[in-house]
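Secondary and tertiary structure notes
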2 protein chains.
Amino acid sequence: MPSLRRVVLERLMRYYRFLSESGAKKPPQTITSAQIAEALDIDPTQVRKDFSTIGLLGIGRVGFEVCEVCRAIRFTLGFDQRHEAVLVGTGHLGSALLAYSGFARYGLHIVAAFDKDPRRVGTKVAGCTVKSMRSLKPFVRRHGVRLAILTTPVDVSQKLADRLVSAGVKAIWNFTPTRVTAPPEVLVRDEHISLGLSEIAYHLTHETEHPSTPHVRAS
Amino acid sequence: MPSLRRVVLERLMRYYRFLSESGAKKPPQTITSAQIAEALDIDPTQVRKDFSTIGLLGIGRVGFEVCEVCRAIRFTLGFDQRHEAVLVGTGHLGSALLAYSGFARYGLHIVAAFDKDPRRVGTKVAGCTVKSMRSLKPFVRRHGVRLAILTTPVDVSQKLADRLVSAGVKAIWNFTPTRVTAPPEVLVRDEHISLGLSEIAYHLTHETEHPSTPHVRAS
DNA sequence: TAGATTGTTAATCGATTAACAATC
DNA sequence: TAGATTGTTAATCGATTAACAATC
């Protein structure tokens, strides 16, 4: 299977969230691409194409089996695998992520938290004991952790990333406002809140000028 | 000026962050599109095209004046305006956003926080007194607030959005994992963390299979 | 069977990149 | 002036949408 583009992965996630949630309420056995498209504001052809990309075949005149779709997406995105992560920076955002219980259903488990502040080291955040930065690299090595979540305040991001990469992580989920680079084989996903802000601020500023601007949904 | 696409707005934000940060250290008067492109991993032509879109002209053989670029981006994205926002939901993530001091430089000011939990109402979070949900609509109306930040746990998002829209907000910044819809003139920007997770989980799952996959940077 | 829905190819659309004359 | 850099048009690339025969 060729490697999937980011836009496709994100749509797969949206399908999965929609189907697994609505399935929880009242399980419909099957669903058509048109119904999914309607709910998520996506073109029905796009839905069928995405499904076909991950090897899902529908049934003519009927649609797709919800369970089968969910299973295929879980398989493709690797939700049934166990992904262990370390989190660095136990400020507000770090605590929020530690406390978030929704990750487990996607196979993500934060196994340790680290902080530079000695007053925080040893305390518990969301049931997770905060470790000192000194123990970061050995921990990652010893446990073979492949994902690091960066929620440090500022400016130390790149150095931290370098250390993590040399310790062996294969992906960095960067919530700091600083850009981070890594070798090609290490995925860096930036979640800069300021990117969202650009769209918000622009809209609020120009909203009165262009009342008829067609609505473009984010995400 | 025609309305700018999301990708353009996000690139403008990245230019702005880079130029205003690097300018803080050691102010170079001018910078070339190639230098910006190099730093941000963007095509130099793209940089020039974006600048030309917002009416910025460079100087042949020299490049662009950093201050002028920053000013033009600030003007276009509306950072010099004052944007007031209410925040709904003072859990971990809500607190993190309230405590984040970086918004002000983009003109964003969170003027009030609201929570359903009576035990939280009246307490202070990051210097902001938490108000009851009953007072949300009147507050938005009275102060003419145009942006709402949603950091509630789950499932109440759509109802809340409807109330906020009827109270007059023009944009919703949605950090909840639930999809929210609004009339065309109201911008909804979703910051679903799970979308990022799709890319992370996929990479971690398939990383060993495709060691030679070209590196695509996020953000 | 008839008709709704799929799977896929072709057409369109938009965004990115290349090329290059104009400019300082 | 010579040469580096811009601004813009044209070419490419990729993603989305339309069309429609195949299918259940």
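Rules used in this analysis
- Counting restarts for each chain: residues are numbered from 1 in the order of the written sequence.
- Written order decides the labels, with chains lettered from A and ligands numbered from 1.
- In keeping with the predicted nature of the model, local features appear solely for residues at pLDDT of at least 70, side-chain atom pairs appear and are counted solely at 80 or more, and the whole-chain, interface and lining totals rest on all residues.
- Hydrogens and waters are ignored; side-chain quantities use all the structure's heavy atoms.
- Residue ranges labeled as domains rest on an automatic or database domain assignment.
- In these notes, residues near a molecule or strand are those with any non-hydrogen atom within 4 Å of it.
- N or O atoms within 3.5 Å of each other form a polar contact, as long as, within protein, one can give a hydrogen and the other can take it, and as long as residues adjacent in sequence are counted only when both atoms are side-chain atoms.
- When residues are grouped by polarity, Ala, Val, Leu, Ile, Met, Phe, Trp, Tyr, Cys and Pro land in nonpolar, Asp, Glu, Lys and Arg in charged, and all others, Gly among them, in polar.
- Each reported salt bridge corresponds to a side-chain nitrogen of Lys or Arg within 4 Å of a carboxyl oxygen of Asp or Glu.
- Secondary structure counts use DSSP, requiring at least four H or I residues in a row for a helix and at least two E residues in a row for a strand, with both numbered from the N terminus.
- Working definition: with a 1.4 Å probe on protein chains only, accessible area under 20% of the residue-type maximum means buried, over 50% means exposed, and in between means partly exposed.
- Working rule for contacts: check all heavy atoms of both residues, and any pair within 4.5 Å makes them a contact.
- Here the quantity called buried area is the accessible surface, traced with a 1.4 Å probe, that two parts lose on coming together, added over both.
- What a helix should span is 1.5 Å times the count of its residues minus one.
- Least-squares fitting of one copy onto the other uses the C-alpha atoms of those residues that reach a pLDDT of at least 70 in both copies.

For chain A, the domain assignment lists domain 1 (6-77) and domain 2 (83-195). Of note, the centres of domain 1 of chain A and domain 2 of chain A, computed from C-alpha atoms alone, are 32 Å apart.

Next up on the list: the protein's contact with DNA strand D. Residues in close proximity to DNA strand D total 24 residues, the closest being Arg-5 of chain A together with Ser-33, Arg-48, Gly-58 and Arg-61 of chain B. When the atoms of DNA strand D within 4 Å of the protein are sorted by group, sugar and phosphate make up 57%. In the environment of DNA strand D, a base oxygen lies 2.8 Å from a nitrogen or oxygen atom belonging to the side chain of Arg-48 of chain B. Note that a base nitrogen of DNA strand D is positioned 3.1 Å from one of the side-chain N or O atoms of Arg-61 of chain B. Of the residues belonging to the surface near DNA strand D, the class tally is 5 nonpolar, 10 polar and 9 charged.

To continue, consider the pattern of salt bridges. Residue and element names in this part refer to chain A. Summed over all chains, the structure comprises 22 salt bridges over all chains. Arg-189 is the partner of Glu-10 in a salt bridge, and the nearest nitrogen-oxygen pair spans 2.9 Å. One end of the pair, Glu-10, is in helix α1 (residues 6-25); the other, Arg-189, is in strand β9 (residues 187-190), and 179 residues separate them in sequence. The exposure class of Arg-189 is buried, given its relative accessible area of 7%.

So, about the environment of Cys-67 of chain B. By the secondary structure assignment, Cys-67 of chain B is in helix α4 (residues 66-77). With 95 residues separating them along the chain, Cys-67 of chain B and Asp-162 of chain B place their C-alpha atoms 41 Å apart.

With that settled, consider the interface of chain A and chain B. Contact with chain A, which involves 73 residues of that partner, is made by 73 residues of chain B. Summed over both sides, the interface between chain A and chain B buries roughly 6800 Å², with carbon and sulfur atoms accounting for 64% of that surface. On the surface where chain A and chain B come into contact, there are 6 salt bridges. Its salt-bridge partner being Glu-199 of chain B, residue Arg-189 of chain A comes within 2.8 Å of it at the nearest N-O pair. Scanning the region where chain A abuts chain B turns up 22 residue pairs in polar contact (both at pLDDT 80 or more). If you list the elements that add at least two residues to the side of chain A that touches chain B, you get α1, α2 (33-40), α4 (66-77), α5 (92-99), β8 (171-174), β9 and α8 (193-206) of chain A. In terms of residue count, the dominant contributor to the side of chain A that touches chain B is α8 of chain A (14 residues). For the side of chain A that touches chain B, the per-class residue count stands at 39 nonpolar, 19 polar and 15 charged.

A few words now on α8 of chain A. With 14 residues, α8 of chain A extends 20 Å between its outermost C-alpha atoms, agreeing within 8% with the 20 Å of an ideal straight helix rising 1.5 Å per residue. Most of α8 of chain A sits inside the fold, with 13 of its 14 residues counted as buried.

The next point concerns the relation of the copies chain A and chain B. Note on the copies: chain A fits chain B at an RMSD of 0.0 Å, the axial shift is 0.0 Å, and the rotation between them is 180 degrees. Within this description, the copies of the chain are treated as partners about a two-fold rotation axis. Counting the interface residues of chain A, we find that 100% of their copies in chain B are interface residues as well, pointing to one common contact surface.

Looking now at the protein's contact with DNA strand C. Around DNA strand C, the surrounding shell holds 24 residues, and the nearest of these are Ser-33, Arg-48, Gly-58 and Arg-61 of chain A together with Arg-5 of chain B. Atoms of DNA strand C within 4 Å of the protein belong to the sugar or the phosphate in 58% of instances, the rest to bases. Contact between DNA strand C and Gly-58 of chain A: a phosphate oxygen at 2.4 Å from a main-chain N or O atom of the residue. Contact between DNA strand C and Lys-49 of chain B: a base oxygen at 3.3 Å from a side-chain N or O atom of the residue. Those elements that provide at least two residues to the surface near DNA strand C are α3 (44-53) of chain A together with α3 (44-53) of chain B. Its residues placed into classes, the surface near DNA strand C shows 5 nonpolar, 10 polar and 9 charged.

Our next topic: the environment of Phe-18 of chain B. Residues and elements named next belong to chain B. Relative to the assigned elements, Phe-18 resides in helix α1 (residues 6-25). The partly exposed category is assigned to Phe-18, whose relative accessible area is 23%. Along the primary structure Phe-18 and Ile-200 are separated by 182 residues, whereas in three dimensions their C-alpha atoms are 25 Å apart. Discounting chain neighbours no more than four positions away, the residues touching Phe-18 are Ile-31, Ile-36, Ala-39 and Leu-40.

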